[in-house]
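Listed here are the chains, written in short residue letters.
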Amino acid sequence: MAWCDACDRLVEDDDAVDGACPTCGTQIIDGPSGPMPWKFRLMIVATAVYLVWRAWQLITWLTH
Ligand SMILES: [Zn+2]
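Because the structure is a prediction, the values reported are computed rather than measured.

J.: Describe the overall build of the protein chain, with residues and values.
T.: When helices and strands are tallied, the protein chain shows one helix and two strands. The order of α-helices and β-strands along the protein chain, N terminus first, is β-β-α. By principal-axis analysis of the C-alpha atoms, the protein chain measures approximately 65 × 15 × 15 Å. Across the 64 residues in the protein chain, those meeting the buried criterion constitute 5%. Considering only contacts in the protein chain between residues 6 or more positions apart, those separated by 24 or more positions represent 11%.

J.: Give me the lowdown on the domain arrangement of the protein chain, citing residues and values where you can.
T.: When the domains of the protein chain are assigned, the result is domain 1 (1-33) and domain 2 (34-64). Between the C-alpha centres of domain 1 and domain 2 the distance comes to 37 Å.

J.: Explain unusual backbone geometry residue by residue, including any values.
T.: When glycine is set aside, most residues are seen to have a negative phi, and most peptide bonds are trans. Of note, the phi angle at Asp8 is positive, near 60°, even though the residue is not glycine. By the element assignment, Asp8 lies in the loop between strand S1 (2-4) and strand S2 (9-11).

J.: Give a description of the environment of Arg9 that names residues and reports values.
T.: With respect to the helices and strands, Arg9 occurs in strand S2. Under the C-beta neighbour-count criterion, Arg9 is labelled exposed, with 10 such atoms within 10 Å. Each C-alpha atom, one on Arg9 and one on Gly19, is 15 Å from the other, the two residues being 10 residues apart in sequence.

J.: Let's hear about the environment of Leu10: which residues, and what values?
T.: By the element assignment, Leu10 lies in strand S2. For the pair formed by Leu10 and Cys21, sequence separation is 11 residues and the distance between their alpha carbons is 9.4 Å. Each residue touching Leu10, except ones within four places of it in the same chain, is listed here: Met1 and Trp3.

J.: Kindly report on the environment of Ile59, identifying the contributing residues and their values.
T.: By the element assignment, Ile59 lies in helix H1 (residues 38-62). Taking the number of C-beta atoms within 10 Å as the measure of exposure, Ile59 has 10 and is therefore exposed. A sequence separation of 31 residues divides Ile59 from Ile28, and the C-alpha atoms of the two residues are 48 Å apart.

J.: Before we move on, could you go through the confidence of the model for the protein chain and cite the residues and values that matter?
T.: Scored by pLDDT, the protein chain comes out at a mean of 88, with 91% of its residues at no less than 70. Looking over the protein chain, one finds the lowest element-wise mean pLDDT in S1, namely 90, and the highest in H1, namely 94.

Conventions adopted
- Numbers given for residues are sequential positions, taken from 1 along each chain in its written order.
- The predicted origin of the model limits local features to residues at a pLDDT of at least 70 and limits the giving and counting of side-chain atom pairs to 80 or more, whereas totals for whole chains, interfaces and linings rest on all residues.
- A helix here means a DSSP run of H or I that spans at least four residues, while a strand means a run of E at least two residues long, and both kinds are numbered starting from the N terminus.
- Comment: burial labels come from other C-beta atoms within 10 Å of the residue's own C-beta, placed from the backbone, where a count of 20 or more is buried, 12 or fewer is exposed, and between is partly exposed.
- C-beta atoms are first placed from the backbone for all residues, and any pair lying within 7 Å is then listed as a contact.
- An automatic or database domain assignment supplies the residue ranges for each domain.
- As a per-residue quantity, pLDDT reports the predictor's confidence and falls between 0 and 100.

This is the structure we're talking about:
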């Protein structure tokens, strides 16, 4: 169930058309192509930082 600001009413998930309100077409439910959860993005950033740190350690180890 999602809230449509434009229609000022609740829309059942079954009534939504591709995650959009059937009345006005406003996107109200994030589909598979919607924005990534911020936790998932944070995990990717943390993994990238870790890999850069490991690469830096390897470079300093190789150059000493
Ligand atoms: Zn609507």
